[in-house]
Amino acid sequence: MTTSSSERGVSLGMPELPAPAYPDDVRARLEADAREIVARYPDSRSALLPLLHLVQSEEGHVTRTGMRFCADVLGLTTAEVTAVATFYTMYRRRPSGDYQVGVCTNTLCAVMGGDAIYEALQDHLGVGNGETTDDGKVTLEHIECNAACDYAPVVMVNWEFFDNQTVQSAKRLVDDLRGGRTVSPTRGAPLCTFKETARILAGFPDEREGAVDASGGAGPASLVGLRLAKGETAPARVVHPRDGGPHDAPQDGAVHDPSPTRHLSSHDAPQDTSASDPAHPAGPTAEEGE
Ligand code: FES
């Protein structure tokens, strides 16, 4: 991530502008939360990252007020806090949308359609990278690899996975987010707003229904290499399970998730990626592996 000179102003020795104060009730609530966070660490300054998530959960981005608060709690200078807050892209420095829609445009996702999805969403939403729709719902970003390459192209919404996307499914996803309709990630916990996500990242319990037993673990496609490394029979082409369609049926030798419903997304793309294209198979077929 690059930072502007104005963002780095404090650490460059420029005069520090006074940060507006939190209202008393907000500060008291944040202080109680901060004490809980700081108590987890033997050295209080180790709590800076979760504290930045905490203040981000309050206003949706890390403000000067939030950084001043972190500095006060931890006995740091605002320059030290600013240096950290401006280094990590997970901390926003300006007001943004309820849903951060990140399109992976790293190599594998890019060639599998990520670049096309990103360009289509820019046109569809009328915003560029890091910009937010007029209704304040969606902030579009292109993001780096999220270690979900086996489900490329991947779209992340507030860091929840939407696997195997297409231009069509991604447009429907953002339309539903803006329309207030429920969307379900492909795996992991249910979707929540960016502020709610920030509070969870601060380390507070995720109390959403279904979040506790949600599995964000490896799916069938992720385990193929492990099976091969173990010398097991080469699996048949693994196809992401979807909505009871024809590809949901187990294939000989394939690795099967015992709970395939955990890998369904309300915005899974139709089977028009290489996984379903006989001319461009995503992996060895059963016949090839035998
Ligand atoms: S390249 Fe997109 S998740 Fe790895």
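This write-up is about the structure you can find in this document. (Residues numbered from 1 in each chain as written. Predicted model: local features only at pLDDT ≥ 70, side-chain atom pairs only at ≥ 80, totals over all residues. Heavy atoms only, no water.)

### Let's talk about the packing of aromatic side chains
Here's step 1: This structure, assessed with the given rule, holds 3 aromatic pairs.
Here's step 2: Between Tyr22 and Phe69, the ring centres sit 5.9 Å apart and the planes meet at 75°, which makes this aromatic pair edge-to-face. Of this pair, Tyr22 sits in the segment before helix 1 (24–38) while Phe69 sits in helix 3 (residues 64–74), placing them 47 residues apart in sequence. There is no split in this pair, since Tyr22 and Phe69 are both buried.
Here's step 3: Look at Phe87 and Tyr88: their rings are 5.0 Å apart centre to centre, the planes differ by 85°, and that puts the pair in the edge-to-face class.
Here's step 4: Through a chain of ring-to-ring contacts, the aromatic side chains of Phe87, Tyr88 and Tyr91 assemble into a single cluster.
Here's step 5: The side chain of Arg187 reaches across the aromatic face of Phe161, ending 4.0 Å from its centre. (Phe/Tyr/Trp six-rings, centres within 6.5 Å; stacked < 30°, edge-to-face > 60°. Helix = DSSP H or I, 4+ residues; strand = E, 2+ residues; numbered from the N terminus. Buried < 20%, exposed > 50% of the residue type's maximum accessible area, 1.4 Å probe, protein only. Lys NZ or Arg CZ within 6 Å of the ring centre and 35° of its normal.)

### Brief notes about the pairing of strand 1 (residues 99–104)
Here's step 1: Most of strand 1 is tucked away: 6 of the 6 residues are buried.
Here's step 2: Across the two faces of strand 1 the burial is the same, with Tyr99, Val101 and Val103 and Gln100, Gly102 and Cys104 all buried.
Here's step 3: Sheet topology places strand 1 next to strand 2 (residues 138–143); 6 bridges connect them, and they run parallel. When the bridges of strand 2 are listed, Cys104 appears paired with Ile143.
Here's step 4: Taken together, strand 1, helix 5 (residues 107–125) and strand 2 form a β-α-β motif whose crossover is right-handed.
Here's step 5: Pairing between strand 1 and strand 3 (residues 155–157): 3 bridges, direction antiparallel. Its bridge partner being in strand 3, Val103 is matched across the sheet by Val155. (Pairing = 2+ DSSP bridges. Right-handed = clockwise from strand over helix to strand, strands pointing away.)

### What to know about the pattern of salt bridges
Here's step 1: Taken as a whole and assessed by the stated rule, the structure comprises 11 salt bridges.
Here's step 2: Of the charged contacts, one joins Asp135 and Arg178 as a salt bridge, the two residues approaching to 2.9 Å between their closest N and O atoms. Linking Asp135 in the loop between helix 5 and strand 2 with Arg178 in helix 6 (residues 167–179), this pair joins segments that are 43 residues apart in sequence.
Here's step 3: Salt bridges here are not isolated pairs; linked through shared partners, they connect Arg27, Glu31, Arg68 and Asp72. (Salt bridge = Lys/Arg side-chain N within 4 Å of Asp/Glu carboxyl O.)

### A look at the packing of helix 5 against helix 6
Here's step 1: At a closest axis distance of 9 Å, the pairing of helix 5 and helix 6 adopts a crossing angle of 40°. One way to sum up the angle between helix 5 and helix 6 is to call them oblique. The crossing of helix 5 and helix 6 is right-handed. When helix 5 is examined against helix 6, the residues Ala116, Ile117, Ala120, Leu121, His124 and Leu125 are found in contact with a partner set consisting of Val167, Ala170, Lys171, Val174, Asp175 and Arg178. (Axes fitted to C-alpha atoms, helices over the stretch in contact; angles between N-to-C directions. Parallel < 35°, antiparallel > 145°, perpendicular 65-115°, else oblique. Left-handed = near helix turned anticlockwise from the far one by under 90°. Contact = heavy atoms within 4.5 Å.)

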